[in-house]
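Observations on chain architecture
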Amino acid sequence: MKVAKFGGTSLADAGQILKVLEIVRADPDRRIVVVSAPGKRSKDDTKVTDLLIACAKAALARGEAEAELALVVHRFAEIGRELDLPAALLTDIEQDLRGRLAADRSHKGLFTDAVKAAGEDYSARCVAAAFTRKGVPATYTCPREAGMVLSDEPGNAQVLPESYDKLAALRDRPGVTIFPGFFGYTKAGRIVTFPRGGSDITGAILAAAVKADAYENFTDVDSVYSADPRIVPDARPIELLTYREMRELAYSGFGVFHDEAILPAVHANIPINIRNTNRPSAPGTMVVPERPAHTGGVVGISSSDGFCTLFLSKYLMNREIGFGRRLLQILEEEGLSYEHAPSGIDNTSVILRDHQFSPEKERHVVGRIQKELAADDVEVERGLALLMVVGEGMRYTVGLASRATQALAGAGVNIEMMNQGSSEISMMFGVKAEDRKKAIKALYHAFFAA
Ligand code: ASP
């Protein structure tokens with residue numbers, strides 16, 4: 001049995017939904033289908049989830065969202081018309097969305113999540129109706145009834161362990177189960193969503209719960225590439241990745257697969273196959289527990305910007321017991337999650353994601369650190385990009401760091417930070433965001449083209 005997840009571009013219009021139907025029809029093992037909300041039909045189009053977020057914002061700001069709602073209803077009406085779906089389904093969709101927008105707005109996060117999740121829900125209803133109409137019996141499944149119970153963290157929820165036992169029953173359902181991705185319910189019965197792109201997480205949870213033989217993740221590229229093809233147009237496709245490689249690459253910029261979707265598959269040891277809805281004959285990329293020993297070297301180079309560094313120095317910091325704990329405690333109390341903490345003798349630095357560290361927050365945190373830790377100097381530097389060079393085989397290969405630093409030096413890229421050793425399968429470099437593309441090209445050339 002396979003769980004197949006289809007992303008937004010795979011369901012963007014009627015033509016794409018028909019491709020999905022053929023893919024499911026072609027393999028009777030594809031019994032659980034997880035769907036995203038309709039995505040972009042062209043470069044300048046807007047994803048339904050973004051239209052829904054605009055609806056929620058408008059309702060919160062103005063108390064109504066008629067214009068924004070019309071755009072969502074229009075997208076589904078178009079899909080419905082082209083697939084000849086029952087008119088009642090489209091009327092229900094409009095009514096349901098009106099209901100969500102008219103609901104209690106006192107908790108902004110929960111209100112927004114309920115609206116945001118509607119895209120996946122309606123998508124699943126349309127896909128189930130279309131499949132059935134075309135002779136593939138399929139049933140829409142409500143995540144609440146199926147038992148997708150999530151933590152009470154709007155926009156950032158995590159699955160609760162008790163979900164797995166209940167969701168396992170999906171294995172015994174007849175026909176094809178169509179399951180909306182991206183959201184579930186809190187214990188109190190409120191809708192909450194995973195982080196953006198979270199339908200991948202739903203798929204992985206279901207694959208683990210039903211102990212699927214494979215988790216197929218259908219998207220709009222033939223495979224995962226060894227570097228972002230928008231930066232390196234001839235980047236090599238990757239046939240095989242390990243879970244750990246995928247997690248590290250997905251963390252820092254490989255947008256093809258959500259990094260939080262790996263964990264459920266890892267726990268249940270389920271191979272992940274990333275494939276292309278537009279070219280189902282391509283084998284795609286397999287993500288598996290292990291790679292044959294000593295093969296692989298560097299398999300991928302990823303990058304992501306949007307980081308900043310908090311630098312601290314204090315003379316004799318190395319002898320001050322509890323300094324690190326107290327620093328991290330301040331960050332914890334301020335609700336800041338940190339990514340990395342490279343440190344020296346009298347200095348330490350903490351790398352954070354920029355978006356959570358507003359200028360006001362920065363002033364406040366820097367003030368606290370100066371006062372409570374009596375630091376000699378505290379500075380924040382914005383505009384940092386992280387680059388990751390990843391591969392299981394790296395642990396057996398000598399001289400990779402020197403190759404990477406030489407490549408960066410040759411391209412005139414200054415290394416702001418280096419982190420090597422905490423993970424034996426990757427090296428991390430911090431560079432200025434404006435140097436990111438240049439750095440990726442240089443590293444790719446050093447490891448793949450030289
Ligand atoms: N539709 C959601 C988003 O755009 C979730 C997903 O597509 O995975 O983030």
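Before going into details, it helps to say that this report is about the structure given with it. (Residues numbered from 1 in each chain as written. Predicted model: local features only at pLDDT ≥ 70, side-chain atom pairs only at ≥ 80, totals over all residues. Heavy atoms only, no water.)

Attention shifts here to the packing of helix α1 (residues 14-26) against helix α3 (residues 66-83). Between α1 and α3, whose axes approach to 9 Å, the crossing angle comes to 60°. The orientation of α1 relative to α3 falls into the category oblique. Touching A14, I17 and L18 of α1 are I79, E82 and L83, all from α3. The residue inventory of the contact of α1 with α3, partitioned by class, reads 5 nonpolar, no polar and 1 charged. (Axes fitted to C-alpha atoms, helices over the stretch in contact; angles between N-to-C directions. Helix = DSSP H or I, 4+ residues; strand = E, 2+ residues; numbered from the N terminus. Parallel < 35°, antiparallel > 145°, perpendicular 65-115°, else oblique. Contact = heavy atoms within 4.5 Å. Nonpolar A, V, L, I, M, F, W, Y, C, P; charged D, E, K, R; others polar.)

Attention now goes to the pairing of strand β12 (residues 285-288). As paired elements, strand β10 (residues 240-242) and β12 share 3 bridges and run parallel to each other. Paired with T242 across the two strands is V288, which belongs to β12. (Pairing = 2+ DSSP bridges.)

Below, the discussion takes up α1. Look at α1: 18 Å from first C-alpha to last across 13 residues, which is about the 18 Å you get at 1.5 Å a residue. Along α1, the positions that sit buried rather than exposed are A14, Q16, I17, V20, L21, I23 and V24. Contacts made by the buried residues of α1 are with β1 (2-6), β2 (30-35), α3, α6 (118-133), β4 (176-180) and β7 (214-219). One side-chain oxygen of the residue at the start of α1 lies 3.2 Å from the amide nitrogen of G15, identifying that residue as D13. (Expected span 1.5 Å × (residues − 1). Buried < 20%, exposed > 50% of the residue type's maximum accessible area, 1.4 Å probe, protein only. Polar contact = N/O pair within 3.5 Å; in protein donor to acceptor, adjacent residues only side chain to side chain.)

Considering all chains together, one arrives at 40 salt bridges under this definition. Between K5 and D200 there is a salt bridge, with the nearest N and O atoms lying 2.8 Å from each other. Here K5 is found in strand β1, whereas its partner D200 is found in helix α9 (residues 199-209), with 195 residues between them in sequence. D200 carries the same exposure label as K5, and that label is buried. R133 serves as the salt-bridge partner of D84, at 2.5 Å between the closest nitrogen and oxygen. Of this pair, D84 sits in the loop between α3 and α4 (87-102) while R133 sits in helix α6, placing them 49 residues apart in sequence. Three or more residues are tied together by salt bridges with common partners; here these are K2, D27, R30, E216 and R275. (Salt bridge = Lys/Arg side-chain N within 4 Å of Asp/Glu carboxyl O.)

Excluding glycine, most residues fall at negative phi; most peptide bonds, likewise, are trans. Phi angles above zero are rare outside glycine, and D84 is one such case at about 60°. Look at D84 and you get partly exposed, because its relative accessible area is 48%. For K211, which is not glycine, the phi dihedral falls at a positive 55°. Relative to the assigned elements, K211 resides in the loop between α9 and β7.

On to the site of the ligand, then. Taken together, the neighbourhood of the ligand is formed by S36, K47, T49, E120, F182, R196, G197, G198 and S199. Between an oxygen atom of the ligand and a side-chain N or O atom of R196, the distance comes to 2.7 Å. At 2.7 Å from an oxygen atom of the ligand is found a main-chain nitrogen or oxygen belonging to G197. Considered on its own, the ligand offers 260 Å² of accessible surface; in the complex 94% of this is hidden by protein. Of the residues assigned to the shell around the ligand, the class counts are 1 nonpolar, 5 polar and 3 charged. (Near = heavy atom within 4 Å. Areas by Shrake-Rupley, 256 points an atom, 1.4 Å probe, with all protein chains shown as cover.)

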